[in-house]
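# Structure at a glance
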Amino acid sequence: RRKVDSEGRRFQDRWKVEYFFTEIENHCVCLICQETVAVYKEFNVKRHYQSRHSTYDKLTGHDRSEKLKQLEAVLIECVMKMVENICPEKKQEFANICLARNTVARRIEEISSDIKRQLTSKGVDFDFFSIACDESTDLSDTAQLLIFMRGVDDEMNVTEELLDLQSLTDQTRGKDLFVSVSSAIDDMKLPWNKVTGIITDGAPAMVGERSGLSTLICNKVIEEGGKAIKLHCIIHQQVLCAKHLKYDHVMKPVLKTINFIRSKALCHRQFKQFLLDIQAEYEDVLYHNDVRWLSRGSALQRFYSLRKEIGEFLETKGQPMRELSDPIWLADLGFLVDITKHLNVLNTSLQGKDAAVNQLYSHLKAFGTKLQLFIRQLSQTQPNTIHFSALQEIMNSFPQDNISAQTSRYAADIASLAGEFKRRFQDFAAIEKEIILFSSPFSVDPEDAPDQLQLELIELHCDSELRSRHQQLSLVNFYRQLDKSRFQEIRTLAKKMLSLFGSTYMCEKTFSAMNFNKNRVRTRLSDSHLRDILRIKT
């Protein structure tokens with residue numbers, strides 16, 4: 001005789017909307033009358049609904065979904081009242097019980113929808129906004145386009161949120177990306193003439209002169225009566241500049257040694273035990289990943305700190321590293337460790353949410369000044385290596401070798417690096433006057449300012465109270481307190497500058513969250529659910 005328990009019947013999620021049934025403790029329960037159907041069988045569920053609750057057929061679409069939510073809420077309320085009377089000490093445990101497997105998913109959808117509604121209401125008040133775009137491929141080979149928005153209202157309140165995640169299943173050309181971005185902006189009912197700029201990662205589909213996303217966006221803004229600027233992510237450009245110092249004769253032996261130690265499990269275990277036995281400063285060497293921004297500097301720093309221990313271990317393995325006994329090579333290693341350390345400090349300072357473009361550009365200008373200082377100090381007859389601690393240590397370890405003669409070569413390499421920085425950051429240099437005018441309005445000569453700002457700038461310079469406020473308050477609060485009718489043009493400039501992105505840091509951070517949530521064991525996560533998760537995450 002057939003047994004019902006062995007048939008493997010399960011509750012179907014669609015029964016909730018179609019028949020107002022839910023699953024509680026492995027029982028199929030009617031949300032309207034709270035009766036239970038004995039068997040997970042659609043015929044039984046449907047018969048119960050049609051015979052007793054057919055009047056609910058008039059509810060369709062959104063009304064039916066809302067009725068389902070109300071019935072579930074009533075059921076929860078009834079259960080909680082019953083618990084209060086029978087076992088009040090377990091009230092919290094019952095409050096945490098989910099009605100069905102998709103309850104969490106539905107709650108995430110509702111939270112995401114609420115965040116989107118709030119962003120839409122804020123968007124109505126934006127005077128200006130800019131967008132940051134970046135594209136990456138997830139584990140299911142779907143191209144995901146992240147679109148972030150940074151908007152400013154009339155009170156100088158800055159909002160930086162995820163505008164949308166667009167999934168592309170076909171090509172990712174500039175015009176395909178443009179269609180996705182246009183859809184996201186139009187869906188939020190944002191006016192195109194308020195777009196002040198777009199920042200991307202510099203990929204050809206993003207920055208192409210004719211059909212790149214940035215070009216198409218700027219052309220669209222011009223058609224709508226606005227003006228937008230194109231920027232290349234300041235962090236991506238900094239990373240590209242860092243790669244200008246190749247030093248392959250140093251990197252290749254270092255990476256070869258690290259891979260030799262870590263690629264085989266036995267060798268790796270023995271190396272870690274060796275470091276433990278001699279009580280070394282660190283427990284292991286670090287892999288180098290070219291994609292990770294800080295990886296090169298971290299791997300070099302760790303290798304340099306363990307260079308003596310690594311040399312001893314390789315001797316025991318019969319694989320001596322001859323470079324570790326070459327003073328010139330060690331000096332090159334020390335210099336590369338020091339300069340990548342300075343580059344990593346710059347990279348870290350450029351990261352973070354809600355960073356205004358003037359703050360990022362000031363870090364960049366400061367680093368350029370540091371490079372000029374390094375060039376002068378290393379070019380002296382008696383080189384000053386105070387800011388190059390690793391190089392200084394090597395020079396002190398080999399006083400008999402003429403390592404100081406190499407410093408002129410290091411100065412030339414830094415000069416080449418400085419030239420690369422100047423070449424790459426021309427898009428930011430093009431708006432340098434606006435950045436200075438925004439961040440230091442009292443230091444700008446009114447005659448050098450745009451015509452529409454000159455009279456207001458004179459008024460600003462002659463107001464001693466405002467000069468005092470500028471020194472005491474944050475930049476945003478200073479512009480927030482400016483009289484709207486008296487300094488209309490200056491406030492407009494401030495809102496435009498505050499609305500600009502300086503980097504695609506938030507895109508990169510969100511892609512990390514995407515890879516964490518849509519991993520190799522969750523590749524079936526739908527695009528809509530992924531969008532909801534990332535909207536809440538950011």
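Calculation criteria
- Residues numbered from 1 in each chain as written.
- Predicted model: local features only at pLDDT ≥ 70, side-chain atom pairs only at ≥ 80, totals over all residues.
- Heavy atoms only, no water.
- Domains from an automatic or database assignment.
- Core = buried A, V, L, I, M, F, W, Y, C linked by side-chain atoms within 4.5 Å.
- Buried < 20%, exposed > 50% of the residue type's maximum accessible area, 1.4 Å probe, protein only.
- Contact = heavy atoms within 4.5 Å.
- Pairing = 2+ DSSP bridges.
- Helix = DSSP H or I, 4+ residues; strand = E, 2+ residues; numbered from the N terminus.
- Axes fitted to C-alpha atoms, helices over the stretch in contact; angles between N-to-C directions.

The protein chain has the name SPIN-DOC-like zinc-finger domain-containing protein in an unreviewed UniProt entry, where Pelodiscus sinensis is given as its organism.

### Things to note about the domain arrangement of the protein chain
With domains assigned, the protein chain is organised as domain 1 (13-89), domain 2 (106-233 + 503-537), domain 3 (240-428) and domain 4 (444-498). Of note, the centres of domain 3 and domain 4, computed from C-alpha atoms alone, are 44 Å apart.

### Looking at the nonpolar core
In this structure, Leu-333 and Phe-421 are the most contacted members of the largest nonpolar core, which totals 105 residues. Those residues in contact with Phe-421, other than ones at most four positions away along the chain, are Gln-238, Cys-241, Leu-343, Leu-346, Leu-364, Phe-367 and Leu-371.

### Digging into the sheet that holds strand E6 (residues 158-168)
Strand order in this open sheet of five strands is E6-E5-E4-E7-E8, and the pairing throughout is mixed. Of all strands in the sheet, those with a lone pairing partner are E6 and strand E8 (229-232), marking the two edges. Each strand axis lies, on average, 20° off the axis of its neighbour in the sheet, ignoring direction. In this sheet, E8 lies alongside strand E7 (residues 195-200) in parallel orientation, the contact comprising four bridges. Each residue of the ladder has a partner; that of Gly-197, found in E8, is Ile-229. Against the sheet, helix H23 (residues 488-499) makes contact with strand E4 (126-137), strand E5 (143-153), E6 and E7, and its axis sits at roughly 15° relative to E4, the strand it touches most.

### A look at the side chain of Ser-112
As for its placement among the helices and strands, Ser-112 is situated in helix H5 (residues 103-123). Judged by relative accessible area, which is 3%, Ser-112 ranks as buried. If we skip the residues at most four places from it in the chain, Ser-112 touches Asp-532, Arg-535 and Ile-536.

### Comments concerning unusual backbone geometry
With a phi angle near 65°, Met-156 is a residue other than glycine that sits in the positive phi range. With respect to the helices and strands, the residue Met-156 is situated in the loop between E5 and E6. Judged by relative accessible area, which is 0%, Met-156 ranks as buried. For Lys-189, which is not glycine, the phi torsion reads 55° and is therefore positive. When you line up the elements, Lys-189 lands in the loop between helix H6 (174-187) and E7. The class for Lys-189 is exposed, based on a relative accessible area of 71%.

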